[in-house]
Amino acid sequence: MMDLRELYQDIILDHGRHPRNFRTIEHPTHCAQGHNPLCGDRVTVYLALDGDRIIDVSFQGRGCAISTAAASLMTEVLKGKTVAEAQALFGQFHARVTGGEPAALPEALAEEAERLDPLTGVKAFPARVKCATLSWHALEAALKGGGAGPAVKTE
Amino acid sequence: MTVATLRSVYPGPGGFDPRRLRREFPIFASNPDLVFLDSGASAQKPRSVIDRVADYYRTDYANVHRGVYRLSARSTELFEEAREKVRCFLNAADRREIVFVRGATEAINLVAQSWGTAFLKAGDEIVISELEHHSNIVPWQMLRDRLGIRLMVAPIDATGGLDLAAFEARLSPRTRLVAITHLANATGALVPIETVTRLAHRRGAKVLIDGCQAAPRLAVDVQALDCDFYTFSGHKTYGPTGIGVLYGRYELLSAMPPWQGGGEMILSVTFERSEFQDPPHRFEAGTPDISGAIGLGTAIDFIEELGRDNILEHEEALTGYGVDRLSRIPGLRLVEAGQRRLGILSFDLEGVHPHDLAQVLDQYHVAVRAGHHCAQPLMERLGLAGTTRASLGVYNDEPDIDALAAALEAGREMFAR
């Protein structure tokens, strides 16, 4: 079995304890809730878009170290990206944690994708993949649903 | 194995030796490092149950209640023998009061849909408690929304036990049913159901008891309890999955309409109308889980061979040891369980989410449940997102608790770094 320290790397514990962008956005252009009924974890993702560009992104909620760190890192890498870039990053991240075939990313996003590396340890723990992707699913729902986005569920 | 042998092969101070009793559970041979502390979710199966189910398919299998051939008659006899074992297990007065269902969830839905729909009307009240599993909440909410009845919730007190005074205050002349757990699955709080039943009956209300966590741990006597319905699941009682029991007083069952229609539950069918069987068959439409029922009968034999008083003594002693041992871990808070905690240790470790903690425990082969335990309203009431829960079985002993404690210390260190 994989060493747990691979899953709970220092950066995960740090972001789990001290999540970045852990706040609401007063007038979000987009927002949605993610809910994992299995454990009761909830996350709300807020977005402020200017045209096609994410000028601010934040989250609130409660969750385990993995889901909190995943949301925190997500907000860090998304700021300043376009919607298409955000979707490309999610697609690639999702493939990496589920063991799928990651699509090639534009060179410009390579650094952001690398920042998500510490989360890919969940691949060895199938029950925890949902923790790492919950906030990303909420992001996707927010982008699709707009202001009053529906709650998405991962179970 | 006879009564004498199981206890004489594995003698111990409390009637049996849990560590050596593990030899009867093949799962521990296949997983020698396993520290299994999740019997509250589902118990492991003794060899006798596994073998009985397999042997039944090999030697005695045919459908029940229809064939005239010998094999079918034999199968029917075994199925009905299992019903008789359940009757003894609950000390019901009559075998016809034992309905086989898929599990406690189905039993509660059966009562809600059959008894509830037939006998309740808008304005009637059902009282449940804050300690309930979702399966003893949701069926009543569905019934409430359909019939316009009211669902009242009796709270817990500061100690985490049922607040009896507040419970009594929830009862009114309109209370028709009290549906309550015998032993709270999320916290291990034992509910004084004798008192609850007496108070409910004084108001003319019926009483349904969810015995999922109690049936594997203590002797249940439905006549002494004087309850109207009692239910438990086979798989938490060392039996197979897919089988459970609804006990109902005969006069209640016989007044209740069927809830599912089909074969097995009818006397005669024409295209105009059908005539239904008497209980219990009226509530057993379709081919039942025959092997499950027979396996449950064997699980009951196993429990009776160990002795239910011995099992209770074992669970009480180990619960006490667990409370002492876990209380010494810095930052660990046991969830309060009222005046009497039995077989379940639910706790919060400061600064560590239950799922992260369970992940670490798994690394040490300690299997526990993490999360809301299908009791979200109770978690909400306790102000917790979830807990980590260790639940005990006949095969657990003090070294298991020590292994849990050691793994918890490791988890605490890992997340404190």
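If you're wondering where the values come from, they're calculated on a predicted model, not measured in any experiment.

Quick notes on the overall build of chain B
- Along its length, chain B carries 16 helices and 15 strands.
- Overall, chain B is about 75 × 55 × 35 Å in size when its C-alpha atoms are taken along their principal axes.
- For chain B, the residues scored as buried account for 52% of the 417 residues in total.
- Intrachain contacts of chain B at a sequence separation of at least 6 include 70% that bridge at least 24 residues.

Some words on helix H4 (residues 83–98) of chain A
All names here are of chain A.
- Across its 16 residues, H4 extends 22 Å between first and last C-alpha, which sits within 8% of the 22 Å expected from 1.5 Å per residue.
- Among the structural elements, strand S3 (53–62), helix H3 (65–78), helix H5 (110–115) and helix H6 (129–145) are those in contact with the buried residues of H4.
- Note on H4: the residue one or two positions beyond its end, Gly99, has a positive phi of about 80°.

Things to note about the interface of chain B and chain A
- Taken together, the contact pairs 14 residues of chain B with 13 residues of chain A.
- A total of five residues in the side of chain B that touches chain A trace back to one element, the largest contributor, which is helix H14 (residues 354–363) of chain B.
- Residue classes in the side of chain B that touches chain A are distributed as five nonpolar, eight polar and one charged.

Overview of helix H16 (residues 398–416) of chain B
Residues and elements named next belong to chain B.
- The end-to-end C-alpha distance of H16, which contains 19 residues, comes to 27 Å, matching closely the 27 Å that a straight helix rising 1.5 Å per residue would cover.
- Restricting attention to buried positions, one finds in H16 the residues Asp400, Ile401, Leu404, Ala407, Leu408, Gly411 and Phe415. Taken around the axis of H16, the buried residues stretch over an arc of 125°, which confines them to a single face. Exposed positions of H16 whose direction lies more than 90 degrees from the buried face are Pro399, Glu413 and Ala416.

Observations regarding the packing of H4 of chain A against H6 of chain A
Residue and element names in this part refer to chain A.
- Two elements in contact, H4 and H6, have axes whose closest approach is 11 Å; the angle formed by their N-to-C orientations is 155°. Of the possible angle classes, the one that applies to H4 and H6 is roughly antiparallel. Here the hand of the crossing between H4 and H6 comes out left-handed. Residue-level contacts link Val83, Ala86, Phe90, Phe93, His94, Val97 and Thr98 of H4 to Val129, Ala132, Thr133, Trp136, Leu139, Glu140 and Leu143 of H6.
- For the contact of H4 with H6, the per-class residue count stands at ten nonpolar, three polar and one charged.

Quick look at the sheet that holds strand S12 (residues 344–349) of chain B
Residues and elements named next belong to chain B.
- Spatially, S11-S12-S15-S14 is the arrangement adopted by the four strands of the open sheet, whose pairing is antiparallel. With partners counted over all chains shown, the strands left at the sheet margins are strand S11 (332–334) and strand S14 (369–371), one partner each. Sheet twist, expressed as the average angle between the axes of neighbouring strands with direction ignored, equals 30°.
- The sheet contacts of H14 involve S12, S14 and strand S15 (387–391), and relative to S14 the element is tilted by about 160°.

Quick look at the sheet that holds strand S5 (residues 175–181) of chain B
Residue and element names in this part refer to chain B.
- Taking strand neighbours across the sheet as the criterion, the seven strands line up as S2-S8-S7-S6-S5-S3-S4 in an open arrangement whose pairing is mixed. The strands lining the two open edges of the sheet, one partner per strand, are strand S2 (98–101) and strand S4 (150–154). Recorded for the sheet is a direction-independent mean angle of 20° between the axes of neighbouring strands.
- The pairing of S5 with strand S6 (residues 206–210) spans five bridges and is parallel. Looking across to S6, one finds that Leu177 is bridged to Lys206.
- Sheet contacts for helix H5 (residues 70–90): S2, strand S7 (229–233) and strand S8 (244–248); angle to S2, the most-contacted strand, approximately 115°.

A short note on the domain arrangement of chain B
Residue and element names in this part refer to chain B.
- With domains assigned, chain B is organised as domain 1 (3–45 + 307–416) and domain 2 (53–304).
- Computed from C-alpha atoms alone, the centre-to-centre distance between domain 1 and domain 2 is 27 Å.
- Contacts between the two partners involve 27 residues from domain 1, matched on the other side by 28 residues from domain 2.
- Residue assignment for the side of domain 1 that touches domain 2 shows that the elements contributing at least two residues are helix H13 (308–327), S12 and helix H15 (376–382).
- It is H13 that contributes the most residues to the side of domain 1 that touches domain 2, five residues altogether.
- Among the residues forming the side of domain 1 that touches domain 2, the class breakdown is twelve nonpolar, seven polar and eight charged.

Cut-offs applied
Counting of residues starts from 1 at the beginning of each chain's written sequence and follows it residue by residue. Written order decides the labels, with chains lettered from A and ligands numbered from 1. For a predicted model such as this one, the threshold for reporting local features is a pLDDT of at least 70, and the threshold for listing and counting side-chain atom pairs is 80 or more; totals across whole chains, interfaces and linings nevertheless cover every residue. In this text, helices come from DSSP runs of H or I with a minimum length of four residues, and strands from runs of E with a minimum of two, each type numbered from the N-terminal end. Residues with at least 20 other C-beta atoms within 10 Å of their own are called buried, those with 12 or fewer are called exposed, and the rest are partly exposed. The C-beta atoms themselves are positioned from the backbone. Contact between two residues is assigned when their C-beta atoms, built from the backbone, lie within 7 Å. Take the number of residues in a helix, subtract one, and multiply by 1.5 Å to get its expected span. The nonpolar class holds Ala, Val, Leu, Ile, Met, Phe, Trp, Tyr, Cys and Pro. Asp, Glu, Lys and Arg form the charged class, and all remaining residues, Gly among them, are polar. The arc under discussion is defined with respect to the helix axis, by the directions toward the C-beta atoms. To define axes, lines are fitted to C-alpha atoms, for helices over the stretch in contact only, and angles between the resulting N-to-C directions are given on a 0 to 180 degree scale. With respect to orientation, any angle under 35 degrees is reported as roughly parallel, any angle over 145 as roughly antiparallel, any angle of 65 to 115 as roughly perpendicular, and every other angle as oblique. Two helices crossing with the near one rotated counterclockwise from the far one by less than a right angle form a left-handed crossing, whereas a clockwise rotation gives a right-handed crossing. At least two DSSP bridges between two strands are needed for those strands to be called paired. Boundary definitions for the domains trace back to an automatic or database domain assignment.

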